[in-house]
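Notes for the structure review
Next come the chains, spelled out residue by residue.
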Amino acid sequence: MLLLVSLTTQADDNQWVTLGQADIDWGYITPYQIELQAPIGQHDLKDIRSGMQPVRFQLTWLSPKTSQEDVRAHFKSLIEAKLPSDESRQFNQRAIEKLLATLPATQRHDVWHVVFSPDQGTLFVLERQVIHTLIGAEINRALYQAWLFEHPVTTAKLLKRLNKIH
């Protein structure tokens, strides 16, 4: 099944349904809340778990201010922790650095959309503007897995609606 998610629908909240949400913690700080969203009418648990379906992660920043340095360090560690080897981290370093260079500081109530498409890569959408397209199967899978499969409780919360259906 091929679903082309156009740029207009990626930022259109009416085209997405929330499947679940969880808070992301950095030790004693909760910098953002994450929601897992799927296109309306397309939410297959098996396809989402395997990364075969487009999904959108909505990040709502909760901290009064998160520095650009902290945002970049967080995304760097998220991705690198899920890459399988040092060789893989080295191979993907350029793509990681290009992404990190585009990420800004945040303030409370900033909303980011990270749109994952198995066929097109991952789009970072801030204020309805695409600021970066992350290309590369391994690096996209690493970011996807970092949010969806980091902790069993987080996974259950993000897939809450689907777990009730299936």
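Everything discussed here concerns the structure shown above.
Every value quoted in this text rests on a predicted model; they were computed, and no experiment measured them.

What follows concerns the overall build of the protein. If you tally the helices and strands in the protein, you get 7 helices and 8 strands. Computed over C-alpha atoms, the radius of gyration of the protein comes to 15 Å, within 12% of the 15 Å expected from 2.2 N^0.38 for 166 residues, which places it in the range of a compact globule. By its C-alpha atoms, the protein is 40 × 35 × 35 Å across when sized along the principal axes. Across the 166 residues in the protein, those meeting the buried criterion constitute 43%. Contacts in the protein between residues far apart in sequence, at least 24 positions, make up 63% of those at least 6 positions apart. Carbon and sulfur atoms make up 52% of the accessible area of the protein, which totals about 8,900 Å². Across the protein, 17 positive and 18 negative side-chain charges occur, with their mean positions spaced 3 Å apart.

Most of strand S7 (residues 121–126) sits out of view: 6 of its 6 residues are buried. In terms of strand pairing, strand S6 (residues 111–117) meets S7 through 6 bridges, oriented antiparallel. Within S7, the residue paired with Trp 112 across the bridge is Leu 126. Hairpin connection from S6 to S7: 3 residues lie between these consecutive antiparallel strands. Both S7 and strand S8 (residues 129–134) contribute to a ladder of 5 bridges, which runs antiparallel. The residue bridging Thr 122 from the neighbouring strand is Leu 134, located in S8. Between S7 and S8, which follow one another and run antiparallel, lie 2 residues, and Glu 127 among them has a positive phi close to 55 degrees.

It is worth spelling out the side chain of Thr 60 at this point. On the secondary structure map, Thr 60 appears in strand S3 (residues 55–61). When its relative accessible area of 17% is taken as the criterion, Thr 60 is described as buried. Each residue touching Thr 60, except ones within four places of it in the same chain, is listed here: Pro 31, Tyr 32, Gln 33, Asp 110 and Val 111.

This part is about the packing of aromatic side chains. The description of an aromatic ring pair rests on the distance of the ring centres and on the angle between the ring planes. Tallied over the full model, the rule gives 8 aromatic pairs. Aromatic side chains Phe 75 and Trp 147 sit 5.9 Å apart centroid to centroid with 90 degrees between the ring planes, which places their arrangement in the edge-to-face category. Linking Phe 75 in helix H3 (residues 68–82) with Trp 147 in helix H5 (residues 137–148), this pair joins segments that are 72 residues apart in sequence. For Phe 75, a relative accessible area of 0% corresponds to the buried category. Put simply, the rings of Tyr 32, Phe 57, Trp 61, Phe 75, Trp 112, Phe 116, Phe 124, Tyr 144 and Trp 147 touch in pairs and so form one group of aromatic residues.

Calculation notes
- Residues numbered from 1 in each chain as written.
- Predicted model: local features only at pLDDT ≥ 70, side-chain atom pairs only at ≥ 80, totals over all residues.
- Heavy atoms only, no water.
- Helix = DSSP H or I, 4+ residues; strand = E, 2+ residues; numbered from the N terminus.
- Rg over C-alpha atoms; globule rule 2.2 N^0.38 Å.
- Buried < 20%, exposed > 50% of the residue type's maximum accessible area, 1.4 Å probe, protein only.
- Contact = heavy atoms within 4.5 Å.
- Areas by Shrake-Rupley, 256 points an atom, 1.4 Å probe, with all protein chains shown as cover.
- Lys, Arg positive; Asp, Glu negative; His and termini not counted.
- Charge placed at Lys NZ, Arg CZ, Asp CG, Glu CD.
- Pairing = 2+ DSSP bridges.
- Phe/Tyr/Trp six-rings, centres within 6.5 Å; stacked < 30°, edge-to-face > 60°.

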